[in-house]
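Secondary and tertiary structure notes
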Amino acid sequence: MEHDDNLGYMLDPEQAVKLERLDREHPTAGGEPECPVCSTRMVRHVEKHVAPRSGGSPFRIRLVCPSKECGRWTTYNW
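None of these values were measured; they are calculated from a predicted model. (Residues numbered from 1 in each chain as written. Predicted model: local features only at pLDDT ≥ 70, side-chain atom pairs only at ≥ 80, totals over all residues. Heavy atoms only, no water.)

Remarks on the environment of Pro-58
Within the secondary structure layout, Pro-58 lies in the loop between strand 1 (43-48) and strand 2 (59-64). The class for Pro-58 is partly exposed, based on a relative accessible area of 27%. It is 8.4 Å that separates the C-alpha atoms of Pro-58 and Asn-77, two residues lying 19 residues apart in sequence. (Helix = DSSP H or I, 4+ residues; strand = E, 2+ residues; numbered from the N terminus. Buried < 20%, exposed > 50% of the residue type's maximum accessible area, 1.4 Å probe, protein only.)

Shown next, in the form of structure tokens:
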């Protein structure tokens, strides 16, 4: 499992795919999914890709659990 010192641990691939699906269904503010580890409402960040990207969008979405005890996160291409 990947760890980022500024965040917590990256979510497992299965959890990340499920969260992406839920987030794409409700892409507006307030539609963020709950963290699958601790059930805290995640925070959505829209980021511009800083490196070459695999898709056509210049943006990616980062979902981060704001809980200091959990801090799980994932990203997906918008």
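Now that the structure has been shown, we can carry on.
Some points on the sheet that holds strand 2
Read across the sheet, three strands follow the order 1-2-3 without closing on themselves; strand pairing throughout is antiparallel. Because the sheet does not close on itself, it has two edges, and the strands there are strand 1 and strand 3 (73-77). The average angle at which neighbouring strand axes cross in this sheet is 25°, direction not considered. Pairing of strand 2 with strand 3 involves five bridges; the strand directions are antiparallel. The partner of Leu-63 across the bridge, within strand 3, is Thr-74. Against the sheet, helix 1 (residues 13-25) engages strand 1, strand 2 and strand 3, with an angle of about 60° to strand 3. (Pairing = 2+ DSSP bridges. Axes fitted to C-alpha atoms, helices over the stretch in contact; angles between N-to-C directions. Contact = heavy atoms within 4.5 Å.)

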